[in-house]
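The lines below spell out each chain.
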Amino acid sequence: MSATAREDILEQRSIRLPRLPAPVLLVMPAIVVLAAVVIVPLALSLYSSFTPFRLTKPETFFVFIGLRNYANLLSDWDFWAAFGRTVLLLTVALNLEMLLGLGLALMVEKATRGQRILRTLLMFPMMFSPILVGFQFKFMFNDNIGLVNNALQALGITDTAIPWLIEGHLAFIAILVAEIWSATSVFAILILAGLLAMPKEPLEAARVDGCTPWQTFRYVTWPFIMPFAYIAMTIRSLDVARAYDIVKIMTDGGPAKRTELLWTLISRTAYSDAKMGLANAMAYVSILLSILFTVYFFRKLAAARTQIGAEW
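Before going into details, it helps to say that this report is about the structure given with it. Predicted model, so just to flag it, every value in this text is computed and none were measured. (Residues numbered from 1 in each chain as written. Predicted model: local features only at pLDDT ≥ 70, side-chain atom pairs only at ≥ 80, totals over all residues. Heavy atoms only, no water.)

Gly 254 connects to Pro 255 through a cis peptide bond whose omega is 0 degrees. As for its placement among the helices and strands, Pro 255 is situated in the loop between helix H11 (245–250) and helix H12 (262–272). In this structure, Asp 252 takes a positive phi of about 55 degrees despite not being glycine. Residue Asp 252 is classed as partly exposed on the basis of its relative accessible area, which comes to 34%. Positioned with a positive phi, Lys 257 is a non-glycine residue whose angle comes to about 65 degrees. Looking at where Lys 257 falls in the secondary structure, it is placed in the loop between H11 and H12. (Helix = DSSP H or I, 4+ residues; strand = E, 2+ residues; numbered from the N terminus. Buried < 20%, exposed > 50% of the residue type's maximum accessible area, 1.4 Å probe, protein only.)

As structure tokens, then:
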């Protein structure tokens, strides 16, 4: 075969090679960065959860032990205690945040003047990072110079300083107050959006039918704003399930691990104890639990939307 014929065949083959569309080529750099920053670390952390990997012994990363780390978690009291505290914090915080957010949203919605200013003020706690909130409330609940103890003593409610961050139950309450203060605005803003989007005709019809304010709220207003509340619950359940910053700053899981949550325990296991394989196993179990909460709230959200579609 002559050289000219070979060149013709190569040109034909090169022309037949598939070419990627321009949109794919434009997105390719982002895909490569996403794979390098997210997918590869996730794959490595998932693999390490099946190994006895310790930071002080890098060679253990290549020792495969199967599900031993996950089996050890079943009998790990510290893990299940942290899991119980996380669920308790999530349950109490979400319910109180929803009640307070609902009250704030109703008050702002009824305001005839300065509603824009009030809506801006509702977003004020969201502007603070969790670390800053942790430092703020750690100072406020300080035994000696904290604002809370000084206010209680000035009002004559107590004569001695209350050890908010030293006693286990009180420290948990302090963390709960910090979480509620920083995130109630999420519920308030989303529920307020539902109130402002609600049509007025059903409310007027309820008044004409002689419904009391409570009946109007229970059977007309609440079913309409329920999907907005479930959206806020979904967002906040993910936040509380991975709560770390506020707890780390305020108590660091103390005293005596009585405020240890899942992610503070994971951090301590990974970096203080150097048990990275076991810590990754804990992390993936907690991720599965977060997914279960998310699925539950999404089902509630779908049911609420179906109910609105049927009634409205």
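Back to the text.
Throughout the structure, instances matching the rule amount to 15 aromatic pairs. On the basis of an interplanar angle of 80 degrees and a centroid distance of 5.2 Å, the ring pair of Phe 124 and Phe 128 is categorised as edge-to-face. Classification of Phe 124 by relative accessible area gives partly exposed; the value is 42%. Of the residues examined, Phe 128 reaches a relative accessible area of 26% and is grouped as partly exposed. Relative to Trp 181, the ring of Phe 128 lies with its centre 5.8 Å away and its plane at 55 degrees, an arrangement referred to as tilted. Of this pair, Phe 128 sits in the loop between helix H5 (115–122) and helix H6 (130–140) while Trp 181 sits in helix H8 (residues 168–197), and the two are 53 residues apart along the sequence. Among the aromatic residues, those joined into a ring-pair cluster are Phe 124, Phe 128, Phe 137, Phe 141, Trp 164 and Trp 181. (Phe/Tyr/Trp six-rings, centres within 6.5 Å; stacked < 30°, edge-to-face > 60°.)

Across the interface, H5 lies against H8 with an axial gap of 9 Å and an inter-helix angle of 145 degrees. Residue-level inspection shows Gln 115, Arg 119 and Leu 122 of H5 in contact with H8, the latter providing Ser 185, Ala 188, Ile 189, Leu 192 and Leu 196. Considered class by class, the residues forming the contact of H5 with H8 number 5 nonpolar, 2 polar and 1 charged. (Axes fitted to C-alpha atoms, helices over the stretch in contact; angles between N-to-C directions. Contact = heavy atoms within 4.5 Å. Nonpolar A, V, L, I, M, F, W, Y, C, P; charged D, E, K, R; others polar.)

All right, on to the nonpolar core then. As a rule of thumb, nonpolar side chains are buried together in soluble globular proteins. Of all hydrophobic cores here, the largest spans 51 residues; its most connected members are Phe 141, Phe 187, Ile 191, Trp 222, Ile 225, Tyr 230 and Met 250. Elements represented by at least two residues in this core include exactly helix H4 (77–110), H6, helix H7 (147–154), H8, helix H9 (201–208), helix H10 (213–241), H11 and helix H13 (276–311). Excluding residues that lie within four positions of it along the chain, Phe 141 makes contacts with Val 148, Trp 164, Leu 165, Ala 174, Val 177 and Met 250. Formed by 16 residues, the second largest nonpolar core is a distinct cluster that contains Ala 270, Met 276, Leu 278 and Val 285. (Core = buried A, V, L, I, M, F, W, Y, C linked by side-chain atoms within 4.5 Å.)

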